[in-house]
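Structure assessment
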Amino acid sequence: MSQGAPVTELPNRAASAPILSVDGGVATLTLNRPAHRNRLEAGDLRSLLAQFERINADPAIRVLVLTANTQGQPRPVFCAGYHMGSFSDDSSDPQLFERVANALAALRPITVCALNGSVYGGATDLMLACDLSVGLTGIEFRMPATALGLHYYPGGLQRYVARLGLSGAKRAFLTARPFTAEMLQRMGCFEALVGPDDFDATVRQLVSEIAVLAPLAVQATKQSINEIAAGQPDLAAMRAREALTSSSEDFAEGRQAFQDKRQPRFTGR
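Presented here is a report on the structure given in the accompanying data block.

1. Things to note about unusual backbone geometry
- In this model, Arg37 sits at a positive phi of 55°, which is unusual for a non-glycine residue.
- Along the chain, the position of Arg37 falls in the loop between strand 2 (26–32) and helix 1 (42–57).
- Phi is positive for Ala176, close to 60°, though the residue is something other than glycine.
- Among the structural elements, Ala176 can be located in the loop between helix 4 (154–175) and strand 9 (179–180).

Laid out in structure tokens, this is it:
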């Protein structure tokens, strides 16, 4: 299987909506407004929703990497959040950003945030909505909602508490102080925290390890874990997923490969 790679810098090109590329079983979504710190506009959010639908509809995609083009930035910024001017647009959808973050959290493939720059505002929730993250040393993470006079949306608050804990969520929203990358690492937010020379290789290694897992089992298990984290465990559904994987061709292949001392060849059936 082709492993793909995160894109931290793209060739010079005009700013655009997020760019989706697919290489074998790995999809990569790259935020592409580096001159504006990869801020997200309403059109970008609608593009992300459409790209999520395309990703979910392709069973060959096992992993999604979310990253950003940081080319030309004096200090790398993964995303500065939602474009502030959009809040004044009378035609704007106030729940659009929440729908994007919720859709990202619910994606079928395993999601990896390649956080190759600092992250602010609503974009922090995009990172938290991913299953796993790799962080770049020296970046910061800040949620300024209350400093702007805003009560954050419910899905984002829920993810903050689930991922950062009650104390971390209160610090983020009730002080608006930034978190350093090292603080996030101590809170368990990153699978790895690495410098720029090792960043892409670290993401590739993580993606390659996920991509060879049994997709039926890993995707079903992700769904169950997310339900538990949301306080909505469905025991009957989890038992059904357990039964499905127990009778799957993948489980039979996994057992045979273990006996044969070889790498299993999973098909998702």
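2. Thoughts on the sheet that holds strand 6 (residues 118–120)
- The 4 strands are arranged 4-6-8-9 in an open sheet whose pairing can be described as mixed. Among the strands making up the open sheet, the edge pair consists of strand 4 (77–79) and strand 9.
- With 2 bridges joining them, strand 8 (residues 140–142) and strand 9 adopt antiparallel strand pairing. Looking at the pairing, Glu140 lines up with Thr180 of strand 9.

3. Points about the pairing of strand 1 (residues 16–23)
- Where strand 1 meets strand 2, 6 bridges bridge the pair, whose relative direction is antiparallel. Across the sheet, Ile19 pairs through a bridge with Thr30, a residue of strand 2.

Basis of the calculations
- The numbers attached to residues start from 1 for each chain and follow its sequence in the written order.
- Given that the model is predicted, a residue must reach a pLDDT of at least 70 before its local features are reported, and side-chain atom pairs must reach 80 or more before they are shown or counted; all residues, however, enter totals for whole chains, interfaces and linings.
- With hydrogens and water set aside, each side-chain value is computed from the structure's full complement of heavy atoms.
- Strands here mean DSSP runs of E at least two residues long; helices mean DSSP runs of H or I at least four residues long; both are numbered from the N terminus.
- For two strands to count as paired, DSSP must find a minimum of two bridges between them.

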